[in-house]
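This is what each chain is made of:
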Amino acid sequence: MTTSPDSAVREFIAEHRPAFLDELADWLRIPSVSADPGRAGEVRRSAEWLADKLRATGFPVAEVWETANGGLPAVFAEWPSGDPAAPTVLVYGHHDVQPAAREDGWATDPFEPVVTGGRMYARGAADDKGQVFFHTLGVRAHLAATGRSAPAVNLKLLVEGEEESGSPNFGALIREHADRLAADVVMISDTGMWAEQTPTVCTGMRGMVELQIDLTGPAQDIHSGSFGGAVPNPATEAARLVAQLHDADRRVAVPGFYDGVVELTERERELFAELPFDEAEWLGVAKSGATLGEQGFSTLERIWARPTAEVNGIWGGYTGPGGKTIVPSSAHLKLSFRLVAGQDVDKVRQAVTDWVASVLPAGIGHRITFTGTTRPCLTPLDHPALRSVVRSMGRAFEQKILFTREGGSGPAADLQDVLGAPVLFLGISVPSDGWHSVNEKVELDLLAKGVETSAYLWGDLAENWNNGELGSA
């Protein structure tokens with residue numbers, strides 16, 4: 001009896017799953033905390049461990065790449081297909097992890113993996129070592145099921161070592177190596193699904209602009225009885241500026257802010273509505289008593305597909321015990337703007353700069369310091385490479401795949417901008433995995449589904465690329 005390709009993949013994964021999990025546990029034991037300078041050596045050890053493992057997997061090229069400014073190393077690997085018509089896919093992930101200690105509230109040592117109840121508990125199990133590592137078994141299953149000696153695509157991996165520290169050197173790294181990273185498709189394996197029983201594919205991430213505004217008035221704190229009501233007050237003007245940030249419909253009131261925004265299609269709104277979203281449960285997670293946001297949009301639409309402005313902090317004047325009747329000499333604001341596809345980071349920065357200058361009165365000086373920017377990215381629902389991801393995931397999970405976006409921000413847009421390639425997302429983590437929290441874990445059956453999806457994906461991309469489907473995007 002002939003074994004079907006899907007059966008061959010599943011049998012290979014089942015046979016090699018114990019060894020795969022043992023190897024993943026070895027990697028998780030390396031405390032590659034990028035935020036801790038004292039563990040820089042462990043981040044390097046993690047990179048070297050992964051490069052060795054990728055060579056053992058079959059990648060003919062696996063290198064540890066240094067980063068600028070004495071930063072932490074990344075790993076690059078490449079496995080050519082040998083087929084001149086094969087597309088090139090770059091998989092992105094990261095091998096650094098968040099800080100973790102038993103005294104934070106972990107039930108077990110965060111760097112000594114524990115398997116119980118079908119789950120593996122350890123820092124990095126889901127974010128992001130587990131989701132990087134499933135590609136090693138996935139490509140082997142792909143080869144075993146197809147009889148190939150090399151992947152059906154030109155497969156590249158870039159595994160960063162500073163993502164949990166804000167990727168300070170990532171942009172420079174990919175610009176320096178843009179020729180070697182060149183790809184037709186970028187696959188981000190640093191994301192998740194809606195829920196264990198609701199597999200989903202993420203189609204985009206918002207970008208972000210962060211800034212601090214420092215307002216100044218009198219050269220020193222002055223008596224509010226002698227001068228109050230007759231000179232501009234920086235704290236009052238900070239409050240007035242914040243009050244003007246949104247209009248009555250909760251839209252951002254900065255002129256030009258919405259220029260270029262890619263609006264939601266009716267189909268996208270329908271797909272968001274298919275998700276089993278429980279708003280009351282979501283509010284419980286948010287620790288909030290009510291929803292509030294831009295009029296005309298649902299909660300999911302607001303956090304995934306609409307740009308926002310948030311006041312992250314506001315302070316100034318006297319905040320100690322008792323009273324101090326002054327006009328303060330200064331006040332301060334921290335703001336963040338989440339951006340969606342079509343918005344230009346530089347234009348938003350200029351729009352905010354112009355707006356602040358226009359609303360402040362004479363006698364109030366100000367300085368704006370932009371502290372971070374990330375560009376948004378979006379993969380259209382009809383993109384043929386996205387269809388390959390959805391088909392492959394559907395084969396693995398044997399059910400309909402739904403769609404989400406991410407409200408947060410990440411390095412995906414840097415890859416898109418520098419490489420000029422569409423960005424797609426493939427992840428199997430679920431919200432209960434506890435990213436950045438205590439007792440982080442990964443569901444082992446979902447991890448196996450990630451392996452299986454990876455095993456199907458390379459053949460699907462190559463087949464449809466060769467049929468001209470991808471070229472039609």
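Reading the values: the criteria
Residues numbered from 1 in each chain as written. Predicted model: local features only at pLDDT ≥ 70, side-chain atom pairs only at ≥ 80, totals over all residues. Heavy atoms only, no water. Helix = DSSP H or I, 4+ residues; strand = E, 2+ residues; numbered from the N terminus. Buried < 20%, exposed > 50% of the residue type's maximum accessible area, 1.4 Å probe, protein only. Polar contact = N/O pair within 3.5 Å; in protein donor to acceptor, adjacent residues only side chain to side chain. Contact = heavy atoms within 4.5 Å. Arc of directions from axis to C-beta. Pairing = 2+ DSSP bridges. Axes fitted to C-alpha atoms, helices over the stretch in contact; angles between N-to-C directions. Salt bridge = Lys/Arg side-chain N within 4 Å of Asp/Glu carboxyl O. Left-handed = near helix turned anticlockwise from the far one by under 90°. Nonpolar A, V, L, I, M, F, W, Y, C, P; charged D, E, K, R; others polar. Core = buried A, V, L, I, M, F, W, Y, C linked by side-chain atoms within 4.5 Å. Phe/Tyr/Trp six-rings, centres within 6.5 Å; stacked < 30°, edge-to-face > 60°. Lys NZ or Arg CZ within 6 Å of the ring centre and 35° of its normal. UniProt positions renumbered as here; feature names shortened; annotations may be inferred.

Under an unreviewed UniProt entry, the name given to the chain is Dipeptidase, and the source organism is Streptacidiphilus alkalitolerans.

Asks: An account of the side chain of His 95 is requested, with residue identities and associated values reported.
Replies: Looking at where His 95 falls in the secondary structure, it is placed in the loop between strand 3 (88-94) and strand 4 (114-116). A residue is classified by how much of its surface remains accessible, and His 95, at 0% relative accessible area, is buried. For His 95, the side chain forms a polar contact with the main-chain oxygen of Pro 73, separated by 2.9 Å. Once residues within four sequence positions are removed from consideration, His 95 is found in contact with Trp 27, Ser 32, Val 43, Ser 46, Ala 47, Pro 73, Ala 74, Lys 129, Val 159, Glu 160 and Gly 161.

Asks: I'd love a proper account of helix 13 (residues 412-419), names of residues and values included.
Replies: For helix 13, the complete set of buried residues consists of Ala 412, Ala 413, Leu 415 and Leu 419. Take helix 13 and look down its axis: the buried residues cluster within an arc of 160°, on one side only. Positioned one or two residues after helix 13, Gly 420 has a phi angle of 65°, which is positive.

Asks: Describe in detail the sheet that holds strand 3, supporting the description with residues and values.
Replies: Strand order across the open sheet formed by six strands is 1-2-6-3-7-17, with mixed pairing between neighbours. The sheet is open, and its two borders are formed by strand 1 (61-65) and strand 17 (423-425), each paired with just one other strand. Pairs of neighbouring strands in the sheet enclose a mean axial angle of 20°, with direction left out of account. Relative to strand 2 (residues 74-79), strand 1 runs antiparallel, the two sharing five bridges. Across the sheet, residue Val 61 finds its bridge partner in strand 2, namely Glu 78.

Asks: Lay out the pattern of salt bridges with the relevant residues and their values.
Replies: This model, assessed by the stated rule, comprises 27 salt bridges. Ionic pairing is found between Glu 270 and Arg 267, a salt bridge with its closest N-O pair at 3.5 Å. On the criterion of helical spacing, the pair formed by Glu 270 and Arg 267 is a turn pair, its members being three residues apart in helix 8 (residues 266-274). Using a relative accessible area of 43% as the deciding quantity, one classes Arg 267 as partly exposed. The shortest N-O distance in the salt bridge between Asp 417 and Arg 375 comes to 3.1 Å. Placement of Asp 417 in helix 13 and of Arg 375 in the loop between strand 14 (365-374) and strand 15 (377-378) is noted, with a sequence separation of 42 residues between them. Residue class for Arg 375 comes out partly exposed when judged on its relative accessible area of 31%.

Asks: Mind laying out the packing of helix 1 (residues 5-28) against helix 3 (residues 129-146), listing which residues take part and the relevant values?
Replies: Two elements in contact, helix 1 and helix 3, have axes separated by 9 Å at closest approach and are oriented at 145°. Judged by the sense of rotation from one axis to the other, the crossing of helix 1 with helix 3 is right-handed. Contact with helix 1, carried on its side by Pro 5, Ala 8, Val 9, Phe 12, Ile 13, His 16, Phe 20, Glu 23, Leu 24, Trp 27 and Leu 28, involves Lys 129, Gly 130, Val 132, Phe 133, Phe 134, Thr 136, Leu 137, Arg 140, Ala 141, Ala 144 and Ala 145 of helix 3 and no other residues of that element. Looking at side-chain class alone, the contact of helix 1 with helix 3 contains 16 nonpolar, three polar and three charged residues.

Asks: Go over the nonpolar core, please, and point to the residues and values.
Replies: One finds Met 187, Leu 447 and Trp 458 to be the most contacted residues of the largest nonpolar core, which totals 68 residues. Top contributing element to this core by residue count: helix 14 (residues 444-466), with eleven residues. Leave out the neighbours within four places in its chain, and Leu 447 touches Phe 20, Leu 21, Leu 24, Gly 130, Phe 134, Ile 428 and Val 442. Counting 28 residues, the second largest nonpolar core, distinct from the first, contains Leu 211, Val 261, Trp 355 and Ile 364.

Asks: Provide a residue-level description of the packing of aromatic side chains, including the pertinent values.
Replies: For the coordinates displayed, the defined rule picks out 13 aromatic pairs. Plain terms: the ring middles of Trp 49 and Phe 133 are 5.8 Å apart, the flat faces sit at 50° to each other, and that makes the pair tilted. Of this pair, Trp 49 sits in helix 2 (residues 40-57) while Phe 133 sits in helix 3, and the two are 84 residues apart along the sequence. This pair shows no difference in class: Trp 49 is buried, exactly as Phe 133 is. Arg 251 extends its terminal NZ or CZ atom over the ring of Tyr 258, reaching a point 3.9 Å from the ring centre. One Lys or Arg, Arg 349, reaches over the ring of Phe 370 and ends 4.4 Å from the middle of that ring.

Asks: Provide a residue-level description of the UniProt feature "domain: Peptidase M20 dimerisation" (unreviewed entry) in the chain, including the pertinent values.
Replies: In the UniProt entry, the feature "domain: Peptidase M20 dimerisation" (unreviewed entry) is given for residues 206-362. The distance separating the terminal C-alpha atoms of residues 206-362 is 36 Å; by composition the span is 34% helix and 21% strand.

Asks: Could you give an account of the sheet that holds strand 16 (residues 402-406), with specific residues and numbers?
Replies: Strand order in this open sheet of three strands is 15-8-16, and the pairing throughout is mixed. At either margin of the open sheet sits one strand with a lone partner, and together these are strand 15 and strand 16. Here strand 8 (residues 200-205) pairs with strand 16 via four bridges, running parallel. Bridge pairing in strand 16 places Cys 202 opposite Thr 404.

Asks: A description of helix 8 should follow, citing residues and the corresponding values.
Replies: Here helix 8 has its buried residues at Glu 268, Leu 271 and Phe 272. The buried residues of helix 8 all sit within an arc of 100° when viewed along its axis, so they share a single face. In helix 8, the exposed positions angled more than 90 degrees off the buried face are occupied by Glu 266 and Ala 273. Residues of helix 8 that are buried sit in contact with helix 10 (299-305) and strand 16.

Asks: Break down the environment of Gly 296 for me, citing the residues and quoting the values.
Replies: Looking at the element boundaries, Gly 296 is found in the loop between helix 9 (279-286) and helix 10. A relative accessible area of 58% places Gly 296 in the exposed class. For Gly 296 and Asp 249, which are 47 residues apart along the polypeptide, the C-alpha to C-alpha distance reads 8.8 Å. Residues within four places of Gly 296 in sequence aside, it is in contact with Arg 269 and Glu 301.

Asks: Break down the pairing of strand 9 (residues 207-216) for me, citing the residues and quoting the values.
Replies: Remember that side chains alternate between the two faces of the sheet whenever the strand is regular. Among the ten residues of strand 9, eight are classified as buried, and the element is accordingly described as predominantly covered. By the bridge criterion, ten bridges tie strand 9 to strand 13 (residues 330-339) in an arrangement that is antiparallel. Looking across to strand 13, one finds that Asp 214 is bridged to His 332.

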